[in-house]
Amino acid sequence: MSSTSLTDRLRGVERLSFPVWVFDVERGRMAWGNRAALELWRSPSLEEFLSRDYSDMSPATRTRNEGFLRALGEDRSAHVEHGFTFYPRGEPLHLTCVMSGMDLDDGRLALLIEGHVRTEPQDPRMLRSHEAMRHVSAMVALLDTAGAVLVMNPAALRAFGESSAPADWFDDTSAAARILEVAETNEVFDEELAARTSEGPRWHAVEARRTSDPATGKHAVVVHQVDVTERREREALIEAQRREILELSAPLLDVADGVVAVPIVAALTEARCAELERRLLAGVAARGARVVVFDLTGATAADGAGLSQLLRLISAVRLLGARATVTGVRPAMATELVRSGAEIAGVAMMRSLRDALVAAGRGSPRR
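Residues numbered from 1 in each chain as written. Predicted model: local features only at pLDDT ≥ 70, side-chain atom pairs only at ≥ 80, totals over all residues. Heavy atoms only, no water.

### Description of the confidence of the model for the protein chain
Note the following rule: A score between 0 and 100, pLDDT records how confident the predictor is in each residue. Whether two residues touch is decided by their heavy atoms; if any such pair falls within 4.5 Å, the residues are in contact.
In this model, the protein chain carries a mean pLDDT of 86, and residues with pLDDT of at least 70 account for 89%. A low-confidence stretch, residues 363-367 (pLDDT under 50), is modelled with five contacts involving residues beyond four sequence positions or located in other chains.

Written as structure tokens, this is what we have:
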């Protein structure tokens, strides 16, 4: 903390013809301004100037200002030059600002800003494009062909930080190299990748294209990322619920020693049979089952693909050394089996689950 006040330390620049002011980034308020700054910001007095509250700045603006402050705090002898568009009393004003670090009276670091009005003509389209890019939620970065970051918009800065490299952005360590390949191939990179961000692990839809660096004219790569974590989580939840429903509609029941019953409820579809195959074959091997009973009493309908999948599953069960039995075949399903020409030789077909249990050595058939 300096022994002299901020006002005393800046007394020598009070009468400069160009505007100089101090901005307290943390609190979002002006901490000091010379006369030229008051004129630029259209403030009637220093008291009014210091009373202005800019704490409601956008996340993009806050990220940018915090980045300037961090860089100047790391090297107190440094300065940063940046083009700004300010809106004193609602009217746009284009300035080139030279910023350096300035200690406030309480020891915190602020931005000492020298403003120079830009007199050259400004292309409105470029200004609007630049402003829009600052505030979009998509993360945009421009890379050179070696992978160095040339520039990032505030959303990308918030996600990855200023000092990060593309190789650090994703769990897939080869992703950065594949992204940079577009500089040579001119193809479009389009993948969803697990990203390492300041907020923790996220899923990003990543698109990369070759472009030109407007400063050098050399090839560059523009990388556009959108956070799709919520959609991925929603899809994962839906898939988990789907699997749970499929499991409930075709559970594996140990009905006797070495006998597994599979009552299939609802429609006999290819998806349901595929899910059943995933669980059943591992279950047969783990249980050492000698008989598997497919009970179709509760199956409401069957399509050709579902029946074909079921018959393949029955064949796989038999290859594991278990005897397959099918019960509860309804007339419509029997007709479909005949129409499909399915090979069912060697498959025991019984009227009911009870009959299948009798055949497996449990109880006596009902007379």
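### Observations concerning the layout of surface pockets
Which parts of space are left empty comes out when a probe the size of a water molecule is rolled across the atoms. Convention followed: Site definitions follow a grid-based scheme: protein atoms alone, a 1 Å grid, a 1.4 Å probe that fits but cannot get out for cavities, and for pockets an open set with protein on both sides within 12 Å along at least five of seven lines, plus lining residues having an atom within 4 Å of a point. Grid points are joined across faces, edges and corners, and a volume is the space filled by probe spheres set on the points. The way it works is that DSSP assigns letters per residue, a run of H or I at least four long becomes a helix, a run of E at least two long becomes a strand, and they are numbered from the N terminus. Three categories are distinguished: nonpolar for Ala, Val, Leu, Ile, Met, Phe, Trp, Tyr, Cys and Pro, charged for Asp, Glu, Lys and Arg, and polar for the others, with Gly belonging to the last.
Here the second largest pocket is characterised by a volume of approximately 260 Å³. Looking at the second largest pocket, it is lined by 13 residues, and the ones nearest its centre are Ser137, Met139, Ala159, Glu199 and Asp227. Residue assignment for the lining of the second largest pocket shows that the elements contributing at least two residues are helix H6 (154-160), strand S9 (200-212) and strand S10 (219-227). At three residues, the largest contribution of residues to the lining of the second largest pocket is made by H6. For the lining of the second largest pocket, the class distribution of residues is five nonpolar, four polar and four charged.

### Section: the sheet that holds strand S6 (residues 139-144)
Rule in force here: The rule for pairing is simple: two strands pair if DSSP sees at least two bridges between them. Note on method: axes are straight lines fitted to C-alpha atoms, helices fitted across the in-contact stretch only, with angles between N-to-C directions ranging 0 to 180 degrees.
If you walk across this open sheet you meet the five strands as S7-S6-S10-S9-S8, and the pairing is antiparallel. Each edge of the open sheet is held by one strand with a lone partner, namely strand S7 (149-152) and strand S8 (189-197). Taken pair by pair, the neighbouring strands of this sheet meet at an average axis angle of 30°, ignoring direction. Sheet analysis places S6 next to S7, joined by three bridges and oriented antiparallel. Across the sheet, the residue bridging to leucine 142 is valine 151, located in S7.

### Looking at the packing of aromatic side chains
Counted only if it meets this: Side-chain rings of Phe, Tyr and Trp, where Trp is taken by its six-membered ring, are said to pair if the distance between their centres is within 6.5 Å; with planes under 30 degrees apart they count as stacked, over 60 as edge-to-face, and otherwise as tilted. Buried residues are those whose accessible area, probed at 1.4 Å on protein chains only, stays under 20% of the maximum for their type, while exposed residues exceed 50% and partly exposed ones sit between those limits.
Tallying each qualifying case throughout the model produces nine aromatic pairs. With centroids separated by 4.7 Å and ring planes inclined at 20°, the aromatic side chains of phenylalanine 160 and tryptophan 169 adopt a geometry described as stacked. You'll find phenylalanine 160 and tryptophan 169 in the same group, each marked buried. Seen from their ring centres, tryptophan 169 and phenylalanine 170 are 6.2 Å apart, and the 80° between their planes marks the pair as edge-to-face. Classification of tryptophan 169 as buried rests on a relative accessible area of 1%. A network of ring pairs unites the aromatic residues Trp21, Phe23, Trp41, Tyr54, Phe68, Phe84 and Phe86 as a single cluster.

### What to know about the nonpolar core
The criterion, for reference: As used here, the term nonpolar core means buried Ala, Val, Leu, Ile, Met, Phe, Trp, Tyr and Cys residues forming a set that is joined through side-chain atoms within 4.5 Å.
In terms of nonpolar packing, the biggest core is built from 27 residues, with Val262, Leu276, Leu280 and Phe294 touching the most fellow members. Of all the secondary structure elements, the ones that give two or more residues to this core are strand S12 (259-263), helix H10 (270-287), strand S14 (291-295), helix H11 (304-319), strand S16 (323-327) and helix H12 (331-340). Broken down by element, this core gets its largest block of residues, six residues, from H11. Among all residues touching phenylalanine 294, those that are not within four sequence positions of it are Val262, Leu276, Leu280, Leu310, Leu313, Ile314, Val317, Ala324, Thr325, Val326 and Thr327.

### A closer look at H11
The test is simple: By this rule, a helix spans an expected 1.5 Å times one less than how many residues it contains.
A rise of 1.5 Å per residue sets the reference length of H11, with its 16 residues, at 22 Å; its end C-alpha atoms lie 23 Å apart and thus fit the reference within 8%. Along H11, the positions that sit buried rather than exposed are Gly306, Leu307, Gln309, Leu310, Leu311, Leu313, Ile314, Ala316 and Val317.

### Looking at empty space enclosed by the protein
Applying the stated criterion to the full structure yields one cavity of 30 Å³ or more. Each pocket or cavity is described by its volume, and for the largest cavity that value is around 70 Å³. Together, eleven residues line the largest cavity, and Leu310, Leu311, Val326, Leu337 and Met349 are the ones closest to its centre. Per-element tally for the lining of the largest cavity: the top contributor is H11, with four residues.

### Side note on the packing of H10 against H11
Let me state the cut-off plainly: What sets the label is the angle itself: under 35 degrees gives roughly parallel, over 145 gives roughly antiparallel, 65 to 115 gives roughly perpendicular, and the rest give oblique. By definition, turning the near helix anticlockwise from the far helix through less than a right angle yields a left-handed crossing, and turning it clockwise yields a right-handed one.
Viewed as axis vectors pointing N to C, H10 and H11 meet at an angle of 15°, and their least axial separation amounts to 8 Å. The orientation of H10 with respect to H11, classified from their angle, is roughly parallel. Classified by chirality, the crossing of H11 by H10 is right-handed. Only Ala305, Gly306, Gln309, Leu310, Leu313, Ala316 and Val317 of H11 make contact with H10, whose side of the interface consists of Glu270, Cys273, Ala274, Leu276, Glu277, Leu280 and Leu281. Looking at side-chain class alone, the contact of H10 with H11 contains ten nonpolar, two polar and two charged residues.

### A few points about the sheet that holds strand S17 (residues 348-350)
Reading across from one edge, S11-S12-S14-S16-S17 is the order of the five strands in this open sheet, with mixed pairing throughout. Each end of this open sheet is capped by a strand with a single partner; those strands are strand S11 (253-256) and S17. Averaged over all neighbouring strand pairs, the angle between strand axes comes to 30°, with direction disregarded. As paired strands, S16 and S17 are joined by three bridges and run parallel to one another. The partner of threonine 327 across the bridge, within S17, is methionine 350. Across the face of the sheet, H10 comes into contact with S11, S12 and S14 while running at roughly 150° to S14.

### Considerations on the pairing of strand S1 (residues 20-24)
Buried residues dominate S1, accounting for five of its five residues. Alternating residues of S1 divide into Val20, Val22 and Asp24 and Trp21 and Phe23, and every residue in both groups is buried. Where S1 meets strand S5 (residues 109-117), four bridges bridge the pair, whose relative direction is antiparallel. The residue bridging phenylalanine 23 from the neighbouring strand is leucine 111, located in S5. Where S1 meets strand S2 (residues 29-33), four bridges bridge the pair, whose relative direction is antiparallel. Residue pairing for S2: aspartate 24 is matched across the bridge by arginine 29.

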